[in-house]
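# A structural walkthrough
These are the residues of each chain, in order.
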Amino acid sequence: MESWIDDVLSKWNSEGVKLNPPSSIEDIEKAESVLHFNFPQDFKDFYLRANGFNGLDWQQHMFTIFPLDLIIEEFDGNSNKNFIGFCDFLMASHFIGFNKNRAGVFKVYSTEDGEFIAHSFQQIVDKINSNSDLIY
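Residues numbered from 1 in each chain as written. Predicted model: local features only at pLDDT ≥ 70, side-chain atom pairs only at ≥ 80, totals over all residues. Heavy atoms only, no water.

Counting across every chain of the model gives four salt bridges. Salt-bridge contacts for Asp6 lead to Arg49; the nearest nitrogen and oxygen are separated by 2.8 Å. Of this pair, Asp6 sits in helix H1 (residues 3–14) while Arg49 sits in the loop between helix H3 (41–47) and strand S1 (63–65), and the two are 43 residues apart along the sequence. The class for Asp6 is partly exposed, based on a relative accessible area of 29%. (Salt bridge = Lys/Arg side-chain N within 4 Å of Asp/Glu carboxyl O. Helix = DSSP H or I, 4+ residues; strand = E, 2+ residues; numbered from the N terminus. Buried < 20%, exposed > 50% of the residue type's maximum accessible area, 1.4 Å probe, protein only.)

A few words now on helix H5 (residues 121–129). Listed in full, the buried residues belonging to H5 are Phe121, Ile124, Val125, Lys127, Ile128 and Asn129. In the segment just after H5, Asn131 is the residue with positive phi, at about 60°.

A cluster of acidic residues, Asp69, Glu73, Glu74 and Asp76, forms a negative patch at the surface. Note on placement: Glu74 falls in helix H4 (residues 68–77). What makes Glu74 partly exposed here is its relative accessible area of 32%. (Patch = residues over 30% accessible without salt bridge, like charges linked within 9 Å, V, L, I, M, F, W, Y side chains within 5 Å. Areas by Shrake-Rupley, 256 points an atom, 1.4 Å probe, with all protein chains shown as cover. Lys, Arg positive; Asp, Glu negative; His and termini not counted. Charge placed at Lys NZ, Arg CZ, Asp CG, Glu CD.)

With that out of the way, let us pick up a nonpolar patch on the surface. Judged by side-chain polarity, Leu56, Trp58, Met62, Leu90 and Met91 come together as a nonpolar surface patch covering roughly 430 Å² of accessible area. Residue position: Met91 is located in the loop between strand S2 (83–89) and strand S3 (94–99).

Glancing now at the packing of aromatic side chains. Within this structure, the stated rule accounts for 22 aromatic pairs. For the ring pair Phe43 and Phe121, a centre distance of 5.1 Å and an interplane angle of 75° mean the geometry is edge-to-face. Residue Phe43 is located in helix H3, and its partner Phe121 is located in helix H5; the two are separated by 78 residues in the primary sequence. Classification of Phe121 by relative accessible area gives buried; the value is 1%. Here the aromatic residues Trp4, Trp12, Phe37, Phe39, Phe43, Phe46, Tyr47, Phe53, Phe86, Phe98 and Phe121 are joined through ring pairs into a cluster of three or more. For the cation-ring pair, Lys81 lies above Phe75, with the distance from its terminal atom to the ring centre recorded as 4.6 Å. (Phe/Tyr/Trp six-rings, centres within 6.5 Å; stacked < 30°, edge-to-face > 60°. Lys NZ or Arg CZ within 6 Å of the ring centre and 35° of its normal.)

Looking now at the packing of H1 against H5. Put simply, H1 and H5 touch, their axes get as near as 11 Å, and they point 30° apart. By the criterion of interaxial angle, the relationship of H1 to H5 is roughly parallel. The way H1 lies across H5 gives a crossing that is left-handed. Residues Trp4, Val8, Lys11 and Trp12 of H1 form the contact with H5, whose participating residues are Phe121, Gln122, Val125 and Asn129. A breakdown of the residues in the contact of H1 with H5 according to their chemical character gives five nonpolar, two polar and one charged. (Axes fitted to C-alpha atoms, helices over the stretch in contact; angles between N-to-C directions. Parallel < 35°, antiparallel > 145°, perpendicular 65-115°, else oblique. Left-handed = near helix turned anticlockwise from the far one by under 90°. Contact = heavy atoms within 4.5 Å. Nonpolar A, V, L, I, M, F, W, Y, C, P; charged D, E, K, R; others polar.)

Structure representation (structure tokens):
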């Protein structure tokens, strides 16, 4: 069990964030197949504990972590097929996610490839929870 995930889930639970039940490995593999993208291990580990936020709830800094079905829905509706968003700020002000062609995590305001902001999913979750200037 990953300590960082325990810490994050505990923090969000104490803040009243509504979390979805865990994803199954089959759910994650299905999403990867649909998206033609392999999620990093820290992302998978997290989603095996919580499938994002329930009902587009958000944490104290107004970021929402998407459930897998919404990740797919957003990808299907986005013209940029290189970007896989898993988070948004203030109801789609901007998105945070992966770029199929570049390692790391990026923030995107429209259809561009995005600005690099973190090396890993764990790192971006830490930046979101600490309200880092890089996430805005």
